[in-house]
Amino acid sequence: MRLISLLQQVNIDEKIKNAPDNGYLIGVWIGYILPFAVLAGLAWLLYRKAKKRQDEL
């Protein structure tokens, strides 16, 4: 988690403090979580594909 934070160079706490409304907060949260969700989904798809391929042999 710390490595990702260092790579992104984004200070989320400051963005939340300066947020104009709750809609912005939700957008910041989604933008922070979305890359992890996409990577997890991709890993799951690759796992399922490899498992099906192994079962066919």
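Residues numbered from 1 in each chain as written. Predicted model: local features only at pLDDT ≥ 70, side-chain atom pairs only at ≥ 80, totals over all residues. Heavy atoms only, no water.

Novice: Talk me through the overall build of the chain; I want residue IDs and the actual numbers.
Specialist: Regarding its fold elements, the chain presents three helices and zero strands. Starting at the N terminus and ending at the C terminus, the chain contains elements arranged as α-α-α. When the accessible surface of the chain is totalled, it reaches about 5400 Å², and 63% of it is carbon and sulfur. (Helix = DSSP H or I, 4+ residues; strand = E, 2+ residues; numbered from the N terminus. Areas by Shrake-Rupley, 256 points an atom, 1.4 Å probe, with all protein chains shown as cover.)

Novice: So what's going on with the UniProt feature "transmembrane region" (unreviewed entry) in the chain? Residues and values would help.
Specialist: Within the UniProt annotation, "transmembrane region" (unreviewed entry) is assigned to residues 24-47. In this annotation, residues 24-47 is assigned 100% helix and 0% strand; the end-to-end C-alpha distance for the span is 35 Å. (UniProt positions renumbered as here; feature names shortened; annotations may be inferred.)

Novice: Talk me through the packing of aromatic side chains; I want residue IDs and the actual numbers.
Specialist: Following the criterion strictly, the structure yields one aromatic pair and no others. With a centroid separation of 6.1 Å and an interplanar angle of 75°, the aromatic rings of Tyr-32 and Phe-36 are classed as edge-to-face. Of this pair, Tyr-32 and Phe-36 both sit in helix α3 (residues 22-56), four residues apart, which is roughly one turn of that helix. For Tyr-32, a relative accessible area of 19% corresponds to the buried category. (Phe/Tyr/Trp six-rings, centres within 6.5 Å; stacked < 30°, edge-to-face > 60°. Buried < 20%, exposed > 50% of the residue type's maximum accessible area, 1.4 Å probe, protein only.)

Novice: How would you sum up α3? Please name residues and give values.
Specialist: If you check α3, its first and last C-alpha atoms are 50 Å apart, about what 35 residues at 1.5 Å a residue would give, namely 51 Å. By the largest-angle criterion, Ile-33 marks the main kink of α3, which is about 35°, and a proline, Pro-35, follows within four residues. (Expected span 1.5 Å × (residues − 1). Bend = angle between axes of the 7 residues up to and from the residue.)

Novice: I'd like a rundown of the environment of Val-28, residues and numbers included.
Specialist: Following the sequence through the fold, Val-28 ends up in helix α3. In this structure the C-alpha to C-alpha distance between Val-28 and Lys-15, which are 13 residues apart in sequence, comes to 7.8 Å. The contacts of Val-28, once residues within four sequence positions are left out, are Ile-12 and Lys-15. (Contact = heavy atoms within 4.5 Å.)

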